[in-house]
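Residue strings, one per chain:
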Amino acid sequence: MMADVRLHRYVDSDFASDVDNQKSTTGYVFTLESKAVSWVSRLQKIIALFRMEAEYVTAIEACNELIWLKGFFGRAWQEASDSVIT
């Protein structure tokens, strides 16, 4: 049943991992029924001065993606439940 489906998220950052410009790496993956539906691993646009700043930037980016995914899947589930013939 669609109501039992859960979206899981895994989020992490790597502080100053790029040796050339000292930028941190943002990484996250969202899974639905153990299948990846959205993921990213990329350098952050800013140079974080502290590890906590890099974690904060990663958390914000993941939250933005979560908001988009919830809207997308919410509309998809609504359309699917509207089209079910009982």
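Here the structure is shown first, and the text comes after it.
Owing to the predicted nature of the structure, the values given are computational and were not obtained by experimental measurement.

S.K.: Is there a simple way to explain the environment of Ala48 in this structure?
M.R.: Topologically, Ala48 is positioned in the loop between β3 (35–43) and α1 (51–82). A relative accessible area of 5% places Ala48 in the buried class. As a C-alpha pair, Ala48 and Ser24 span 24 residues in sequence and 6.8 Å in three-dimensional space.

S.K.: Help me understand the nonpolar core in this model?
M.R.: Grouped burial of nonpolar side chains is what soluble globular proteins tend to show. Residues Val5, Tyr28, Phe30, Leu32, Val40, Ala62, Leu69 and Phe73 constitute the largest nonpolar core, which totals 8 residues. Residue assignment for this core shows that the elements contributing at least two residues are β2 (25–32) and α1. Beyond its immediate chain neighbours, meaning those up to four positions away, Phe73 contacts Leu32 and Val37.

Scoring rules and cut-offs
- Residue numbers run consecutively from 1 along every chain, following the written order of its sequence.
- Local features in this predicted model are restricted to residues whose pLDDT is 70 or higher, and side-chain atom pairs enter the listing and the counts only when it is 80 or higher, whereas totals over whole chains, interfaces and linings include all residues.
- Hydrogens and water are ignored here; the side-chain numbers use all heavy atoms of the structure.
- Strands are runs of DSSP state E lasting at least 2 residues, helices are runs of H or I lasting at least 4, and numbering of each runs from the N terminus.
- Note on exposure labels: buried denotes an accessible area under 20% of the residue type's maximum, exposed denotes more than 50%, and partly exposed covers the range between, all computed with a 1.4 Å probe on protein chains only.
- To qualify as a nonpolar core, a set must consist of buried Ala, Val, Leu, Ile, Met, Phe, Trp, Tyr and Cys residues joined through side-chain atoms within 4.5 Å.
- Whether two residues are in contact is decided by their heavy atoms, any of which lying within 4.5 Å being enough.

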